[in-house]
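Understanding the architecture of this molecule
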Amino acid sequence: MRQFAAALKFSFKEQLTNKFAFGLLIVFVPIWYWMLGAITPNDKVAFKFQATHSFLLANGHDLILLTAGLNVLTMILGFMFYHSAHRSLSFDKRLARAGLGRLGFMLAKATALLIVTAIVALYTVLILTAFWHFPNNTFEVWLGFWLVSLIYASLGLLLGMLLKSELAGFFIIIMVSMMDTFLQNPIGNPAANKDFLKYFPSYGSTQLGVAGGFTHQFPSSQLLLAVGWFVGFLLVGLGIFYLRTRRKSSIQVATTSRA
Amino acid sequence: MGAYALKAEHIQKSYRSNHVLKGVDFTVTPGTLVGVVGENGSGKSTLLQILAGELAANEGDVAVNGSIGYCPQQPVVNESLTVSEHLAYFKEAYKMTDTEYAEHLLDELHFRKFKDEKAGNLSGGTRQKLNLTLALMHQPSILLLDEPYQGFDWETYLRFWDVVKELKESDRAVVIISHLIFEQKKFDHILHLHEGKIQEEKI
């Protein structure tokens, strides 16, 4: 328990000392909302809403703000967790070899990820409401934002465990995020109603956000889809962590006590 | 069979067709200081990583009597955490009740004034002191050090040898790997790693 508490505390600290990421959140997020909001009119845009299998006519200005929020979270949280996982892997290995239980260590990393993403998603939704007239259900929008944050933070963690080149991970996150969130957006992609889009990581979160913003529905199957992406990425990432932090040679250790 | 701190038997390691270690055998007894020397690329760090459990050997066995402390050549620290946070974190990892000995090392290696400084802001030499402290703060039975005094100034170099002396006096074994060993008199044994084998044993 004490090991878990220490691992949680320092996993947290590691994220909170990422001044660059927090600087981006404070400065870039409002500017990004403002710029996109300023150039997008309130015209209605058709959006394929899966909960009712129908097209929804949503306010284009608000819809672009919603997708902008989702997009910014994929990038910033993906980078934050990628950067810390990549940078601290050797240190984490050293801690594990010193005797830090790997299961508790993994649980602490997952807990820190859940809490940090929840807070950042809440902040991003609160800033969103300053630019948006009023979403129907702010909690549901936050849930969509939190899930997309969880998915990309877990993807970042996974890539951080896997890749040797730091730059490669950043490029992968940028490309996946760009393809994923851009294609979900009917303003950027008028064909955003294509069936294959439902297999993309941010699909469930986008549907949930749109449901919260413009409807009184709760798309539970889309929620499960988003949870599936998150759990999948997290389990693979932690599985790689487990393998990479194991002792590589079988040393026979005698137990003669020593002062 | 006498008491041993560490015993390596027939250690072999190859990277594809490059046979780095071709059957290394040696024993380290408690309270001794052993140096392992060899040219660049002779497999010294590979050997130490195998002894520390960081790397798997292709063949051979390693037996350790007690706990191991391993100090890698490049400091492995977390840039976001302060020196005292490192000590607190490793205290939990080693399941220790206090950091009394680590505190003693802060004084002995003369870097207490950096206790609240993040590792990312430390100089190379101070990082190396922290790296060393993390390896020996739990007072292991055998300490494996890979080029431990790189970046140390003369004063710290002398203090390092005081720490090694303390360890020896408390019956702990120390293995130091280096491409150059200046003060051979300090060592109980010097093993020469050449062409994948311990070629000679001096002193």
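It should be noted that the structure appears before, not after, this text.
Residues numbered from 1 in each chain as written. Chains lettered and ligands numbered in written order. Predicted model: local features only at pLDDT ≥ 70, side-chain atom pairs only at ≥ 80, totals over all residues.

A word on the overall build of chain A
Rules: Numbering of helices and strands runs from the N terminus, with a helix taken as a DSSP run of H or I at least four residues long and a strand as a DSSP run of E at least two residues long. Just to be clear, the radius of gyration here is over C-alpha atoms, and the globule rule we use is 2.2 Å times residues to the power 0.38. A residue is called partly exposed when the number of other C-beta atoms within 10 Å of its own lies between 12 and 20, exposed at 12 or fewer, and buried at 20 or more, with C-beta atoms placed from the backbone. Two residues qualify as being in contact provided that their C-beta atoms, derived from the backbone, are within 7 Å of each other.
Along chain A, the regular secondary structure elements total eight helices and three strands. Mapped from its N terminus to its C terminus, chain A presents α and β elements in the order α-α-β-β-α-α-α-α-α-α-β. For chain A, whose C-alpha radius of gyration is 20 Å, the value lies close to the compact-globule estimate of 18 Å for 259 residues. Across the 259 residues in chain A, those meeting the buried criterion constitute 47%. Residue pairs in contact within chain A that sit at least 24 positions apart in sequence constitute 76% of those at least 6 positions apart.

Considering the interface of chain B and chain A
Formally: Under the scheme applied, nonpolar residues are Ala, Val, Leu, Ile, Met, Phe, Trp, Tyr, Cys and Pro; charged residues are Asp, Glu, Lys and Arg; polar residues are all the others, including Gly.
Opposite the 26 residues of chain B that make contact, chain A presents 25 residues. At the level of secondary structure, the elements contributing two or more residues to the side of chain B that touches chain A comprise strand 4 (59-65) and helix 2 (83-93) of chain B. Residues that form the side of chain B that touches chain A fall into these classes: 15 nonpolar, six polar and five charged.

Focus on the environment of A:L238
Tracing the sequence through the fold places A:L238 in helix 8 (residues 220-244). Residue contacts for A:L238: discarding those within four places in its chain leaves A:M106 and A:A110.

Examining the packing of helix 4 (residues 102-131) of chain A against helix 5 (residues 138-162) of chain A
All names here are of chain A. Put simply, the test is: Axes here mean lines fitted to C-alpha atoms, for a helix over just the part in contact, with angles spanning 0 to 180 degrees between N-to-C directions. These descriptions rest on fixed angle ranges, namely under 35 degrees for roughly parallel, over 145 for roughly antiparallel, 65 to 115 for roughly perpendicular, and the rest for oblique. Crossings are classed by handedness, with left-handed meaning an anticlockwise turn of the near helix from the far one by less than a right angle and right-handed meaning a clockwise turn.
One can describe the packing of helix 4 onto helix 5 by two numbers: an axis separation of 8 Å at closest approach and a directional angle of 135°. By the angle class used here, helix 4 and helix 5 are oblique. Crossing handedness for the pair helix 4 and helix 5: right-handed. Where helix 4 approaches helix 5, its residues L113, T117, A118, V120, A121, L122, T124, V125 and T129 are matched on the opposing element by T138, V141, W142, F145, W146, S149, L150, A153, S154 and L157. Of the residues contributing to the contact of helix 4 with helix 5, the split by class is 13 nonpolar, six polar and no charged.

Brief notes about helix 1 (residues 44-52) of chain B
All names here are of chain B. With nine of nine residues buried, helix 1 is to be regarded as a mostly interior element. Along helix 1, the residues classified as buried are K44, S45, T46, L47, L48, Q49, I50, L51 and A52. The positive-phi residue at the C-terminal boundary of helix 1 is G53, with phi of around 85°.

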